[in-house]
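Residues per chain are reported as follows:
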Amino acid sequence: MSRYVVREHKPSKGDEPVKAKLPVFIHIPKTAGTAFRSVIERNVPADKRIELYRTGGITLAQVLWQQNHRIDKAEIVLGHIERRVHELIERECDYFTILRDPVERVLSLYKFIKFDMKEHPLHKKFNSGEITFRQWLDRAPPMTSNVMTKMVSGLATEYQPS
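Reading the values: rules and limits
- Residues numbered from 1 in each chain as written.
- Predicted model: local features only at pLDDT ≥ 70, side-chain atom pairs only at ≥ 80, totals over all residues.
- Heavy atoms only, no water.
- Helix = DSSP H or I, 4+ residues; strand = E, 2+ residues; numbered from the N terminus.
- Buried < 20%, exposed > 50% of the residue type's maximum accessible area, 1.4 Å probe, protein only.
- Contact = heavy atoms within 4.5 Å.
- Areas by Shrake-Rupley, 256 points an atom, 1.4 Å probe, with all protein chains shown as cover.
- Salt bridge = Lys/Arg side-chain N within 4 Å of Asp/Glu carboxyl O.
- Core = buried A, V, L, I, M, F, W, Y, C linked by side-chain atoms within 4.5 Å.
- Phe/Tyr/Trp six-rings, centres within 6.5 Å; stacked < 30°, edge-to-face > 60°.
- Pairing = 2+ DSSP bridges.
- Axes fitted to C-alpha atoms, helices over the stretch in contact; angles between N-to-C directions.
- pLDDT = per-residue confidence, 0-100.

Caption draft 1: Structural context of the overall build of the protein. A count of helices and strands for the protein gives seven helices and four strands. Walking the protein from its N terminus toward its C terminus, one meets helices and strands in the order β-α-β-α-β-α-β-α-α-α-α. Burial analysis of the protein (162 residues in total) assigns 38% to the buried set. Counting only contacts in the protein whose residues sit at least 6 apart along the sequence, the fraction spanning at least 24 positions is 71%. Looking at the protein as shown, the accessible area adds up to about 9600 Å², and 54% of this sits on carbon and sulfur atoms.

Caption draft 2: A look at the pattern of salt bridges. Within the structure shown, the criterion is met by eight salt bridges. Two residues, Arg-84 and Glu-82, come together in a salt bridge whose shortest N-O distance is 3.4 Å. In this pair, the class of Arg-84 matches that of Glu-82, namely buried.

Caption draft 3: How the structure looks around the nonpolar core. Ranked by size, the top nonpolar core spans 16 residues in total, and within it Leu-52, Leu-60, Leu-64, Val-77, Ile-81, Val-85 and Ile-89 carry the most contacts. Those elements that provide at least two residues to this core are β1 (22-26), β2 (49-52), α2 (60-66) and α3 (85-88). The element that contributes the greatest number of residues to this core is α2, accounting for four residues. If near-sequence neighbours (up to four positions away) are discounted, Leu-52 is found in contact with Leu-60, Val-63, Leu-64, Gln-67, Val-77, Leu-78, Gly-79, His-80 and Ile-81. Counting residues in each nonpolar core, the second largest holds nine residues, with Val-106, Ile-113, Met-117 and Ile-131 among its members.

Caption draft 4: The arrangement of the packing of aromatic side chains in detail. Scanning the entire structure with this criterion turns up eight aromatic pairs. Between Phe-25 and Phe-36, the ring centres sit 4.9 Å apart and the planes meet at 50°, which makes this aromatic pair tilted. Of this pair, Phe-25 sits in strand β1 while Phe-36 sits in helix α1 (residues 33-43), placing them eleven residues apart in sequence. Ring plane angle 40° and centroid distance 6.1 Å describe the contact between Phe-133 and Trp-136, whose orientation is recorded as tilted. With Phe-133 and Trp-136 both in helix α6 (residues 133-139) and three residues apart, this pair spans about one turn of that helix.

Caption draft 5: The arrangement of the sheet that holds β1 in detail. In spatial order, the strands read β2-β3-β1-β4; together these four strands make up an open sheet with parallel pairing. In this open sheet, the two strands that pair with only one neighbour each are β2 and β4 (93-97). Within the sheet, the average angular offset between the axes of one strand and its neighbour, ignoring direction, is 20°. Contacts between α1 and the sheet are confined to β1, β2, β3 (76-79) and β4, with β2 contributing the most and set at about 155° to the helix.

Caption draft 6: Looking closely at the confidence of the model for the protein. Mean pLDDT over the protein works out to 82, with 80% of the residues at or above the 70 mark. Here residues 1-9 scores under 50 on pLDDT; set against residues more than four positions off or in separate chains, the count is 22 contacts.

Caption draft 7: Structural context of the environment of Val-24. In this structure, Val-24 sits in strand β1. A relative accessible area of 0% means that Val-24 is categorised as buried. Along the backbone, Val-24 and Arg-84 are 60 residues apart, and their C-alpha atoms lie at a distance of 9.9 Å. What Val-24 contacts, discounting residues up to four positions off in sequence, is Val-77, Ile-81, Val-85, Cys-93, Asp-94, Tyr-95 and Phe-96.

Set out below in structure tokens:
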């Protein structure tokens, strides 16, 4: 376990008050998660939601550690995260997500990088023809290799965008 564990998970004792389960939205990229995220943002105040969209190699444990002071009051956690939040906090979680046909999702991801993500390292390579769609798939980047199953099952070691 990481040194950034927020709290050790301990089952609650009979005399302790039982906290409501914390809803956790696993936002799998290119599955309509951004649209759903906007619904959450309109209905849950910012101080009651914990958004875990990490970059730069930061781990889920590190991000949760940074949010430690907000976990008890949180009404929802959401982000590009794998099913591991319950291992890192002292609160039961209910997970939910949106799934999409895997082939359509990967094709959508490729188009998104090629046409919309100018800052992505592959954007220029896709547009110049340096890397074709087939070559990208053959490399099996993490975001094309059964990522939905890995994120929902908790088997993803850490979400990393392709």
